[in-house]
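Commentary on secondary and tertiary structure
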Amino acid sequence: MKKRLSTSMTFFWKYIFPPVWLGGFGIGTIGAISTLGINGLPFLIGLIFGFGLIYYVCIRAKKVDIDDNFLYISNFRKNIQVPLENVKNVSDNVLLSPRPVFIEFHNATEFGKKIMFIGYTEMFLFFSAHPAVKEIENRIIKTGSSK
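Criteria and thresholds
- Residues numbered from 1 in each chain as written.
- Predicted model: local features only at pLDDT ≥ 70, side-chain atom pairs only at ≥ 80, totals over all residues.
- Heavy atoms only, no water.
- Phe/Tyr/Trp six-rings, centres within 6.5 Å; stacked < 30°, edge-to-face > 60°.
- Helix = DSSP H or I, 4+ residues; strand = E, 2+ residues; numbered from the N terminus.
- Buried < 20%, exposed > 50% of the residue type's maximum accessible area, 1.4 Å probe, protein only.
- Contact = heavy atoms within 4.5 Å.
- Pairing = 2+ DSSP bridges.
- Expected span 1.5 Å × (residues − 1).
- Bend = angle between axes of the 7 residues up to and from the residue.
- Core = buried A, V, L, I, M, F, W, Y, C linked by side-chain atoms within 4.5 Å.

1. Observations concerning the packing of aromatic side chains
What the rule picks out here adds up to nine aromatic pairs. A ring pair is formed by Phe11 and Tyr15, whose centres lie 5.1 Å apart and whose planes are at 45°; its orientation type is tilted. One end of the pair, Phe11, and the other, Tyr15, are both in helix α1 (residues 10-36), four residues apart, so they sit about a helical turn from each other. You can call Tyr15 partly exposed: its relative accessible area is 26%.

Encoded structure:
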């Protein structure tokens with residue numbers, strides 16, 4: 001039976017939030033630069049930094065499900081199935097919210113050798129690993145695959 005590892009908000013984070021935030025902040029930046037001149041430069045720097053962060057956490061996000069043998073990965077246009085034996089490493093970034101989880105593969109998939117998804121919402125994680133990381137690691141151990 002499949003279990004969802006990524007947040008149910010993946011579509012929102014990937015396709016809705018980036019253009020809304022970038023559009024709003026972009027318009028604000030243009031307004032700040034046009035009225036403040038060179039003093040509006042921090043807004044431009046914030047826009048560039050914000051775009052980098054949104055790309056890192058949101059735009060690259062995939063939808064990920066798991067069962068006893070496979071990861072099911074989707075970018076909402078293409079769906080692939082990857083055997084758990086192909087998983088090389090699983091990690092997350094404890095400093096960001098929403099929490100990005102990274103999966104590295106032994107062999108490249110149609111989405112590359114490394115993918116990222118936003119883990120489902122879990123309260124009070126602080127600096128501990130996301131439960132999705134533990135879930136993948138436990139399923140790999142169950143299948144007898146080595147990391």
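2. Section: unusual backbone geometry
With phi around 80°, Phe76 is a residue other than glycine that occupies positive phi space. Judged by its relative accessible area of 35%, Phe76 is partly exposed.

3. Some thoughts on the side chain of Lys14
Counting through the fold element by element, Lys14 comes out in helix α1. Excluding its chain neighbours within four sequence positions, the residues that come into contact with Lys14 are Cys58, Ile59, Arg60, Ala61, Lys62, Asn75 and Phe76.

4. Details of the pairing of strand β4 (residues 79-83)
Note on strand geometry: in a regular strand, side chains alternate between the two faces of the sheet. The alternating pattern of β4 places Ile80 and Val82 on a buried face, while none of Asn79, Gln81 and Pro83, on the opposite face, is buried. In this structure, strand β3 (residues 70-74) lies alongside β4, joined through five bridges in antiparallel fashion. Within β4, the position partnered with Ser74 by the bridge is Asn79.

5. Observations regarding α1
Taking 1.5 Å of rise per residue, 27 residues should cover 39 Å, and α1 covers 37 Å from first to last C-alpha, within 8% of that figure. The principal kink in α1, of about 40°, is found at Phe17, preceding the proline Pro18 by one to four residues. Buried within α1 we find Thr10, Lys14, Pro18, Leu22, Gly26, Thr29 and Ala32. The positive-phi residue at the C-terminal boundary of α1 is Gly37, with phi of around 70°.

6. Describing the environment of Asn107
With respect to the element layout, Asn107 can be found in strand β6 (residues 100-109). With a relative accessible area of 52%, Asn107 lands in the exposed category. A C-alpha to C-alpha distance of 42 Å links Asn107 and Ile27, two positions 80 residues apart in sequence.

7. Structural notes on the nonpolar core
Ranked by size, the top nonpolar core spans 21 residues in total, and within it Leu71, Ile73, Val87 and Ile136 carry the most contacts. Looking at this core, the elements with two or more residues in it are β2 (61-66), β3, β4, β5 (87-92), β6, β7 (112-118) and α3 (131-143). Sort the elements by how many residues they give to this core and α3 lands first, with four residues. The residues touching Ile73, leaving out its near neighbours within four places in the chain, are Lys62, Lys63, Val64, Lys78, Asn79, Ile80, Val82, Phe105, Phe111 and Ile115. Within the second largest apolar cluster, five residues are counted, among which are Leu22, Leu47, Ile54 and Val57.

8. Things to note about the pairing of β7
Note: β2 against β7, two bridges, orientation parallel. Residue pairing in the sheet places Ala61 in a bridge with Met116 of β7. Two strands pair when backbone bridges link them, and β6 and β7 are joined in this way by six bridges, in the antiparallel orientation. From the neighbouring strand, Pro100 faces β7, where its bridge partner is Ile118. A loop of two residues connects β6 with β7, the two strands running antiparallel in sequence.

From the geometry alone we can't say anything about function, so treat these as descriptive.
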